[in-house]
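Summary of structural features
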Amino acid sequence: MAEKDTSQERTEEPTPKRLEDARKKGQVPRSRELNTMVIMALAAVALMMLGQTMLNDLSELMKSGFQPSREDIFDGRAVLRFFYQAIIDSLWLLLPFFGLMMVAALLTPMSIGGWSFSVEALQPKLEKLNPLKGLKRVFSAKGLMELIKAFAKFTLVALVAIVVIWVKMDEFLQLGGESLDMALSHAADLFTSSFIFITMALIIIAAIDVPFQIWDHTKQMRMTRQEVKDEMKDTEGKPEVRSKIRQLQREMAQARMMEAVPQADVVVTNPSHFAVALKYDPENMRAPLVLAKGADLVAANIRRVATEHEILLVETPPLARALYHSTEIGQEIPAGLYLAVAQILAYVYQLKAVQKNGGEKPSLPETELPEDFRKYADMGTDNDPGRH
């Protein structure tokens, strides 16, 4: 039996590009349970704050509608006029409540998936009209999960509703013996409290559904290793192009490095294989700074630029190798090389003073490397695969 091709399993996390492409298609995590819960919760709050006012206004509207004048009773057009006015007044009365519900319905989906508007998602797809595919979706694992969720939601909400009705049964029965105004007010309180308890049940459902939807969306967006490789080729280009880009970047970095060589105080050389340009400003630097370094051809270019700008070249092979292998361009030298470099800089300063004022030429000091840096003394250019 042939072995299973595990390379085609979706084991890789989705890349930012895949997530962005999915967003453009309208594929973002969404939770209908969260939407329902938020709308119900805001409706309960709105009823608590505006319910009594809305009830009183609706009561007044009904009273005025059922108390027409004698002239209006015998006017056939008055009924249409009253009906039209009642609709307008009712809409204005309920507008704040419905406006709040609409805002909740629009903003709640953005809480877990963000804003997403896709024209592609709005385009009609004939495959969705295929009854066979529709049956596959209904009887799939996801369809079974949706059925279980719907049944669980119905069961939980039904149980909460039964408990609320059972506890409030006496109050519901008392409504028949109360006056109209009192009964309406009492019924509004009962409706609002029942609404709140049902909303609490929906909070439990949403707390389970939201993490599940996020996990399910991430699972669907997972990629195979081949898809990741193909995407990298598409986004970064072919290997030849990337190699050319890296080569250009190295050339630009070397050009910037060469521009800094004239600012150096000294260039420590191997003498031919390595070259490291150093600068030290006691007032602004804590330690000498590496302005440039290179091996072979790059080292030759550093020496050439330094010679053109009359920068002193000092041949100390062990120190040159140690500086080359243990430092980075633009950074300070390691603390272990402070003494050796200080001796070289002191020699440079003495030599410049002699050239300016005359006197006996100083001798080049014998620098001794700490034990941790002696390993670099015998390292050549072939031992450093990442040389500049």
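Structure first, text after, so check above.
This text gives an overview of the structure that appears in the document. (Residues numbered from 1 in each chain as written. Predicted model: local features only at pLDDT ≥ 70, side-chain atom pairs only at ≥ 80, totals over all residues. Heavy atoms only, no water.)

1. Thoughts on the overall build of the protein chain
For the record, the criterion: Working definition: helices are DSSP H or I runs of at least four residues, strands are E runs of at least two. Numbering for both runs from the N terminus. Relative accessible area decides the class of each residue, using a 1.4 Å probe on protein chains only: under 20% of the type maximum gives buried, over 50% gives exposed, and in between gives partly exposed. Using a 1.4 Å probe, the Shrake-Rupley method yields the accessible areas, and only the shown protein chains count as cover for residues.
Helices and strands together make up the secondary structure of the protein chain, namely 15 helices and four strands. For the protein chain, buried positions account for 31% of its 388 residues. Here the protein chain displays about 26,200 Å² of accessible surface, and carbon together with sulfur accounts for 62% of that area.

2. Focus: the sheet that holds strand β4 (residues 313-315)
The test is simple: Only strands that DSSP links by at least two bridges are regarded as paired with each other. Axis lines are fitted through C-alpha atoms, for helices just across the contact stretch, and the angle between N-to-C directions can take any value from 0 to 180 degrees. Any two residues whose heavy atoms approach within 4.5 Å are treated as being in contact.
Strand order in the open sheet made by the four strands is β3-β2-β1-β4, with mixed pairing throughout. Edge strands, defined here as strands with exactly one partner in the open sheet, are β3 (289-295) and β4. If you compare each strand with its neighbour and ignore which way they point, the axes differ by 20° on average. Its contacts with the sheet put helix α13 (residues 297-308) on β1 (266-269), β2 (274-279), β3 and β4, and the angle it makes with β3 is roughly 130°. Each of β1, β2, β3 and β4 touches helix α14 (residues 317-326); the most contacted strand, β2, lies at about 75° to it.

3. Description of the packing of aromatic side chains
Filter applied, for reference: Each aromatic pair joins two rings of Phe, Tyr and Trp (for Trp, the six-membered one) with centres within 6.5 Å, and gets the label stacked for planes under 30 degrees apart, edge-to-face for over 60, and tilted for any other angle. Placement of a positive charge over a ring is assigned whenever Lys NZ or Arg CZ falls within 6 Å of the ring centre and within 35 degrees of the normal to the ring plane.
If you walk through the whole model with that rule in mind, you get three aromatic pairs. Taking 6.0 Å as the distance between ring centres and 35° as the angle between the ring planes, the aromatic pair formed by Phe212 and Trp215 counts as tilted. Remark: Trp215 and Phe212 occur in helix α10 (residues 180-221); sequence separation between them is three residues, near one turn of the helix. With a relative accessible area of 25%, Phe212 lands in the partly exposed category. Ring geometry for Phe274 and Tyr324: centres 4.7 Å apart, planes at 40°, overall tilted. With a gap of 50 residues between them, Phe274 in strand β2 and Tyr324 in helix α14 connect regions that are remote in the sequence. Grouping residues by exposure puts Phe274 and Tyr324 together as buried. The ring of Tyr324 has Lys293 lying over it, and the distance from NZ or CZ to the ring centre is 5.1 Å.

4. Re the pairing of β1
On β1, burial covers both faces: Val266 and Val268 on one face and Val267 and Thr269 on the other are all buried. Sheet analysis places β1 next to β2, joined by four bridges and oriented antiparallel. Across the sheet, Val268 pairs through a bridge with Val276, a residue of β2. Counted along the chain from β1 to the antiparallel partner β2, the turn is four residues long. Pairing of β1 with β4, which is carried by three bridges, proceeds in the parallel orientation. The partner of Val267 across the bridge, within β4, is Leu313.

5. Looking at a nonpolar patch on the surface
As a reminder, the rule being used: Without a salt bridge and with relative accessible area above 30%, a residue can belong to a patch; like charges are then joined within 9 Å and nonpolar side chains (Val, Leu, Ile, Met, Phe, Trp, Tyr) within 5 Å. Between Lys or Arg on one side and Asp or Glu on the other, a salt bridge is scored when a side-chain nitrogen of the former is within 4 Å of a carboxyl oxygen of the latter.
A cluster of nonpolar side chains, Val45, Met48, Met49, Leu50, Ile196, Phe197, Met200 and Ile203, forms an exposed patch at the surface whose accessible area comes to about 740 Å². When contributions to the nonpolar patch are tallied by element, the ones reaching two or more residues are α2 (32-65) and α10. Relative to the assigned elements, Val45 resides in helix α2. Taking relative accessible area as the criterion, Val45 reaches 40% and is therefore assigned partly exposed.

6. Re the pattern of salt bridges
If you walk through the whole model with that rule in mind, you get three salt bridges. Linking Arg286 and Glu332 is a salt bridge whose minimum nitrogen-to-oxygen distance equals 2.9 Å. One end of the pair, Arg286, is in the loop between β2 and β3; the other, Glu332, is in the loop between α14 and α15 (338-357), with 46 residues separating them in the sequence. Residue class for Glu332 comes out partly exposed when judged on its relative accessible area of 29%.

7. Quick notes on α15
As a reminder of what qualifies: An expected span of 1.5 Å times one less than the residue number is assigned to each helix.
A rise of 1.5 Å per residue sets the reference length of α15, with its 20 residues, at 28 Å; its end C-alpha atoms lie 28 Å apart and thus fit the reference within 8%. Three or more residues of α15 are buried, namely Ala340, Val341, Ile344, Leu345, Tyr347, Val348, Leu351 and Val354. Positive backbone phi, at 85°, marks Gly358, one or two positions downstream of α15.

8. Remarks on the pairing of β2
For β2, the buried fraction is high: five of the six residues fall into the buried class. One ladder, built from six bridges, connects β2 with β3; its direction is antiparallel. Directly across from Leu278, in β3, lies its bridge partner Val290.

None of this, on its own, says anything about what the molecule does.
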